[in-house]
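Architecture and fold: a report
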Amino acid sequence: MKAILLTIIFSISIFHLRAQTSSDIYLFDIQMNNNSMKLINGKNLTEREGYDNQPHFVDDRALLYTSQRDGQTDIYAYDFVQNTAGNLTRTPNTSEYSATVTSDKDFISTIMVEEDGTQRLWKFPITGGTPTLVLDDIKPVGYHAWYNEKLALFVLGRPATLQVANALTQEVSTITGNIGRCLAPIPASGKISFVHKEAGKPWMIKSLDMNSMEITEIVETLEGSEDYAWAGANRIIMAKDTKVYECVLDGDKNWKEIADLSEFGITKLSRIAIDKTLKRLAIVGE
């Protein structure tokens, strides 16, 4: 995996982003105790001045993340076996964000800010090679999640919209508006979840069936929070301020505090990722 992930170096084309808020990615081991999650062995994985964000587990061996250095944003990979990190992309004229593994596991898909500022979805072969455009006409894409050949997309606008596209046919449909940035596949379900921010209502995590397009309410978010991750099919992990919470859906469906990360000097938590084996949790702290 290290040889594959860390030798994918691309040169594409000129776009300079303004500086992002300084943030780090913190890594924890997961321990289950009486059907409750506990975070142990915490460490700052990136530990530097600058923007490190948007963690995504490839498997139990590697973590992808977005890193901005000297005004340039690329995708990095942290190898858990070697305990080393390095560039997955190295593109002097474009910037990449929100790395995700495609359903067939042959590609890493990213949101690319192109030379002229266009923001679209591209994919890089995981074994190296030339990147290709996934969706020609959908822009500006902010975030995405795969289900087979289909994609759930957070498309920027006023309001931001949830759209579903077929990467093979290029067909696209708008599902709803006023959504949050976090799109997360629900394990073993054929559904993708999102946060619906309807005016005058509490924010709600909902599911979208990627076959029927049916939307179902799941649970209200923590007030003002929109980043979360699935720990299996019945447990959601979410953060607010410096604290991490869990909601067990086959239980009382209440948010329960499981950790306070203020001891790490964190003042605000945001994006969360959990590996499919439920061994590790990565979370972004400012």
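What you see is a predicted model, and the numbers here were worked out from it, not measured in a lab.

1. A few points about the overall build of the chain
Helix and strand counts for the chain stand at one helix and 24 strands. C-alpha extents for the chain along the principal axes are approximately 50 × 40 × 35 Å. Among the 286 residues that make up the chain, the fraction classed as buried is 55%. Side chains of the chain carry 29 positive and 37 negative charges; the gap between the two charge centres is 1 Å.

2. Digging into the layout of surface pockets
Approximately 1,200 Å³ is the volume found for the largest pocket. What lines the largest pocket is a set of 46 residues, among which His 56, Thr 100, Leu 183, Ala 184 and Pro 185 lie closest to the centre. Elements with a contribution of two residues or more to the lining of the largest pocket: β3 (51-57), β7 (95-101), β11 (141-147), β15 (184-186), β16 (191-196), β19 (228-230) and β23 (269-274). Of the residues assigned to the lining of the largest pocket, the class counts are 25 nonpolar, twelve polar and nine charged.

3. With respect to the sheet that holds β3
Taking strand neighbours across the sheet as the criterion, the four strands line up as β3-β4-β5-β6 in an open arrangement whose pairing is antiparallel. Single-partner strands in this sheet number two, and they are β3 and β6 (84-87). Direction aside, neighbouring strands of the sheet carry axes that sit 25 degrees apart on average. As paired strands, strand β5 (residues 72-79) and β6 are joined by four bridges and run antiparallel to one another. Counterpart to Ala 77 in the pairing with β6 is Gly 86.

4. Points about the sheet that holds β23
Here we have four strands laid out as an open sheet, ordered β2-β1-β24-β23, and antiparallel in their pairing. The open sheet has two free edges, formed respectively by β2 (36-44) and β23, since each of these has just one partner strand. Put simply, the sheet's adjacent strands are angled 30 degrees from each other on average, direction ignored. The pairing of β23 with strand β24 (residues 280-285) spans four bridges and is antiparallel. Each bridged residue has a counterpart across the sheet, and for Ile 274 the counterpart in β24 is Leu 281.

5. Remarks on the environment of Ser 270
Within the secondary structure layout, Ser 270 lies in strand β23. Using a relative accessible area of 6% as the deciding quantity, one classes Ser 270 as buried. For the pair Ser 270 and Pro 92, spaced 178 residues apart in sequence, the C-alpha separation works out to 28 Å. Sequence-distant contacts of Ser 270, that is, excluding residues within four places in its chain, are made with Arg 181, Asp 227, Ile 283 and Val 284.

Analysis parameters
Each chain has its residues counted from 1, following the order in which its sequence is written. This being a predicted model, a pLDDT of at least 70 is required before a residue's local features are given, and a value of 80 or more before pairs of side-chain atoms are given or counted; all residues contribute to the totals for chains, interfaces and linings. To get the side-chain values, all heavy atoms of the structure are used, and hydrogens and water are removed first. What counts as a helix is a DSSP run of H or I of at least four residues, what counts as a strand is a run of E of at least two, and both are numbered from the N terminus. When accessible area is computed with a 1.4 Å probe and restricted to protein chains, residues below 20% of their type maximum are described as buried, those above 50% as exposed, and intermediate ones as partly exposed. In this tally, Asp and Glu contribute negative charge and Lys and Arg positive charge; neither His nor the terminal groups of the chain are included. Working definition for charges: the position is that of NZ of Lys, CZ of Arg, CG of Asp or CD of Glu. Cavity means a closed set of points on a 1 Å grid over the protein atoms alone, one where a 1.4 Å probe fits but cannot get out, pocket means an open set with protein on both sides within 12 Å along at least 5 of 7 lines, and lining means a residue has an atom within 4 Å of a point. Grid points are joined across faces, edges and corners, and a volume is the space filled by probe spheres set on the points. Each residue gets one label: Ala, Val, Leu, Ile, Met, Phe, Trp, Tyr, Cys and Pro are nonpolar, Asp, Glu, Lys and Arg are charged, and the others, such as Gly, are polar. By the convention used here, strands pair only if DSSP detects at least 2 bridges between them. Axis geometry follows a simple rule: fit a line to the C-alpha atoms, using only the stretch in contact for helices, then measure angles between N-to-C directions, giving values from 0 to 180 degrees. Whether two residues are in contact is decided by their heavy atoms: any pair within 4.5 Å suffices.

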